[in-house]
Amino acid sequence: MKRKIRQLIESYQALKNPPTAPAPTLSIGDDRRAFLKKSVLGGISLAGVMGLGPQETIAMTTSNISRYSAPTDLKITDMRYTTITNGNGATNARNVMLRIDTNQGIYGLGEVRDGGDARFALYLKSRLLGLNPINVEMIFKIIKQFGGHGRMGGGVCGVEMALWDLAGKAFNVPVWAMLGGRYREQVRLYSYIPNSGGKPLAEVDMTEFKADVKHRMVDQGYTWLKMHPGIEKISKIPGTTVNTKFTPGFNDKVQSSRAQSFLHYQNTRHAFTNIQITDKGLDELAKYVDMVRSVVGYDIPLSGDHQGHFDINTCIRVGNALERFNMAALEDFLPWDLTEQWKTLTDSINTPTVTGEDIYLKEAFINLCDAHAVDIVQPDMGSSGGILETKKIGDYAEEKDTAMIMHFAGTPICFMANVHMAAATQNALALEIPNQCSDNPWWPNLVRMVGKKPMITKGFANVPDDAPGLGVELNDEEIKKHLHPEDTSYFAPTPQWNDLRSYDRLWS
């Protein structure tokens with residue numbers, strides 16, 4: 001294990017040591033009913049210690065179940081959506097929230113990955129109607145064939161999140177309790193350096209940037225930051241890059257793929273751009289990173305992402321040029337599916353490597369971990385398969401002595417789904433919260449926290465222990481202020497997606 005990975009793990013443990021004794025799960029009141037709520041996660045073993053008979057044991061261990069009717073009688077009756085805008089980029093410009101309704105009046109919330117299409121989820125509705133949402137894994141196996149890498153996984157993942165939210169509400173327990181319990185009461189977050197520092201070095205107002213970094217670290221309390229040491233920061237300086245002037249769309253703002261040509265820079269795999277960085281370019285890139293590191297300091301982790309699309313040889317040169325700045329990780333240097341090249345890169349530089357935000361399901365992560373191709377895996381729950389699949393990814397990585405961080409860029413619904421998973425997964429180091437979330441005061445107000453804890457406290461997400469499911473409810477008033485102009489509907493009926501029109505079996 002690289003020294004930097006070990007330092008990250010140790011720093012996290014030093015910041016937030018887990019409690020030495022189990023915290024009460026649902027700490028409401030001191031009467032007998034409250035005691036039963038607190039002890040329900042102890043289950044039969046606690047009842048056995050108290051010497052109760054079978055009927056009393058059953059009564060006690062089911063005292064915390066929602067009494068709309070028995071959870072075994074739950075049925076999915078509808079799925080609806082609304083779409084908000086959370087920025088103007090290719091991804092955060094469209095965030096789809098899902099609501100799955102049942103015959104008992106309770107509903108579950110999920111989210112299609114940022115930049116994804118609501119239809120990725122709506123296509124699944126006909127396969128859900130009439131099923132019991134507490135059978136999460138079985139339903140996931142029914143629908144997972146309709147997901148894919150990148151945003152194509154968003155529908156399956158959003159539905160899976162909503163099913164866990166429903167199951168938690170049905171049994172009146174938080175999602176993390178159904179995943180095996182929690183390791184931590186708070187989840188560390190990593191944010192980005194402020195936007196004032198995301199410009200080429202010559203354009204950075206140092207006074208403004210220093211003040212913004214102080215706000216990010218002191219006022220907001222973030223203990224891990226991320227930056228973009230990409231070639232767009234240096235390409236305007238003569239003699240720093242090769243071929244960027246002749247690469248279609250190199251300096252264009254990233255837009256959704258439908259607005260780009262297939263040969264656009266953003267759509268071209270790294271080995272095919274023929275872009276290189278000169279020695280002068282490496283020096284200029286180092287100057288930029290040095291500026292950011294000097295303002296942020298060396299006490300906290302600083303990750304890098306969006307270095308640029310170039311081949312493995314240039315990746316190694318960049319990694320070596322930035323080694324002296326003790327980066328916590330360099331992300332997505334290469335396409336995630338190039339396992340052998342990732343292994344070569346990881347073995348060639350001393351800075352930790354990380355990839356995975358576009359991978360659907362655990363199998364590709366297993367390949368990366370088995371080959372020790374990266375130092376850290378980074379699933380995005382909107383693509384990886386949802387809450388349980390992401391926990392499986394983390395658990396497998398742990399067995400291979402590989403850490404995990406979580407990529408995220410959506411609404412508080414997917415954010416809280418990540419929080420529950422990370423609470424229940426030992427090797428989860430940190431969860432991303434990008435600037436469009438950390439710098440928008442209305443972003444956390446898209447939902448209401450059901451329990452007493454706020455969503456975030458000084459750079460850490462709070463794990464709900466007194467609220468069922470994901471622990472959030474929709475804030476209709478706030479959401480309606482941010483509806484996407486292309487679709488301003490608000491959880492409107494979707495009967496056109498009710499009918500199943502295909503035979504989905506993959507074998508004969």
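Residues numbered from 1 in each chain as written. Predicted model: local features only at pLDDT ≥ 70, side-chain atom pairs only at ≥ 80, totals over all residues. Heavy atoms only, no water.

Asker: Please explain the overall build of the chain as it appears in this structure.
Answerer: A tally of regular secondary structure across the chain gives 19 helices and 17 strands. By the burial criterion, 56% of the 508 residues in the chain qualify as buried. When contacts within the chain are restricted to residue pairs at least 6 apart in sequence, those whose partners lie at least 24 apart make up 74%. Just so you have it, the chain exposes about 21500 Å², and 52% of that area is on carbon and sulfur atoms. (Helix = DSSP H or I, 4+ residues; strand = E, 2+ residues; numbered from the N terminus. Buried < 20%, exposed > 50% of the residue type's maximum accessible area, 1.4 Å probe, protein only. Contact = heavy atoms within 4.5 Å. Areas by Shrake-Rupley, 256 points an atom, 1.4 Å probe, with all protein chains shown as cover.)

Asker: Help me understand the confidence of the model for the chain, please; the structure alone is not making it clear to me.
Answerer: Parts of the prediction with low pLDDT should not have their coordinates interpreted in detail. Looking at the chain as a whole, its pLDDT mean stands at 90, while 87% of the residues score no less than 70. A low-confidence stretch, residues 18-51 (pLDDT under 50), is modelled with 49 contacts involving residues beyond four sequence positions or located in other chains. Within the model, pLDDT remains below 50 along residues 54-68, and this stretch shows 29 contacts once partners closer than five positions in the same chain are excluded. (pLDDT = per-residue confidence, 0-100.)

Asker: Looking at this structure, how should I read the pattern of salt bridges?
Answerer: A side chain of one charge can pair with a side chain of the opposite charge if their charged atoms are brought near each other. Considering all chains together, one arrives at 31 salt bridges under this definition. Linking Asp78 and Lys125 is a salt bridge whose minimum nitrogen-to-oxygen distance equals 2.7 Å. Here Asp78 is found in strand E1 (residues 76-84), whereas its partner Lys125 is found in helix H6 (residues 125-128), with 47 residues between them in sequence. Judged by relative accessible area, which is 1%, Lys125 ranks as buried. (Salt bridge = Lys/Arg side-chain N within 4 Å of Asp/Glu carboxyl O.)

Asker: Sorry if this is basic, but what is going on with the nonpolar core here?
Answerer: One finds Phe333, Ile387 and Phe415 to be the most contacted residues of the largest nonpolar core, which totals 122 residues. For this core, the element with the highest residue contribution is helix H8 (residues 154-171), accounting for 10 residues. Counting 13 residues, the second-largest nonpolar core is a separate cluster that includes Ile5, Leu8, Ala328 and Ile405. (Core = buried A, V, L, I, M, F, W, Y, C linked by side-chain atoms within 4.5 Å.)

Asker: What is the right way to look at helix H14 (residues 362-370) in this model?
Answerer: Because an α-helix packs 3.6 residues into every turn, residues spaced three or four apart end up facing the same way. Looking only at H14, the buried set comprises Ala364, Phe365, Leu368 and Cys369. Each buried residue of H14 lies within a common arc of 140 degrees when the element is viewed along its axis, so the set occupies one face. (Arc of directions from axis to C-beta.)

Asker: Before we go on, may I ask you to explain the sheet that holds strand E2 (residues 95-102) in this structure?
Answerer: Strand pairing in a sheet relies on backbone hydrogen bonds. The paired strands run either parallel or antiparallel. Reading across the sheet, the three strands line up as E1-E2-E3 and stay open at both edges, with antiparallel pairing between neighbours. What marks the edges here is a single partner per strand, and that holds for E1 and strand E3 (107-112). On average, adjacent strands in this sheet sit at an angle of 20 degrees to one another, irrespective of strand direction. As judged from the six bridges shared by E2 and E3, these two strands associate in the antiparallel manner. (Pairing = 2+ DSSP bridges. Axes fitted to C-alpha atoms, helices over the stretch in contact; angles between N-to-C directions.)

Asker: Looking at this model, I keep getting lost on helix H16 (residues 387-399). Mind explaining?
Answerer: Counted at 1.5 Å a residue, the expected span for H16 with its 13 residues is 18 Å, and the 19 Å between its end C-alpha atoms agrees. Residues of H16 that are buried: Ile387, Glu389, Thr390, Lys391, Ile393, Gly394 and Ala397. Positive backbone phi, at 60 degrees, marks Asp401, one or two positions downstream of H16. (Expected span 1.5 Å × (residues − 1).)

Asker: I'm lost on the environment of Gly180 in this one. Help?
Answerer: In this fold, Gly180 is placed in the loop between helix H9 (175-178) and strand E4 (186-192). Sequence-wise, Gly180 and Ala424 are 244 residues apart; in three dimensions their C-alpha atoms are separated by 6.7 Å.

Asker: I keep staring at the state of the cysteines and nothing clicks. Help me out?
Answerer: A covalent bond bridging the sulfur atoms of two cysteines is what the word disulfide describes. Taken as a whole and assessed by the stated rule, the structure comprises zero disulfides. Cysteine Cys157 is unpaired, with the sulfur of Cys414 as its nearest cysteine sulfur at 8.3 Å. A relative accessible area of 0% means that Cys157 is categorised as buried. (Disulfide = S-S within 2.5 Å.)

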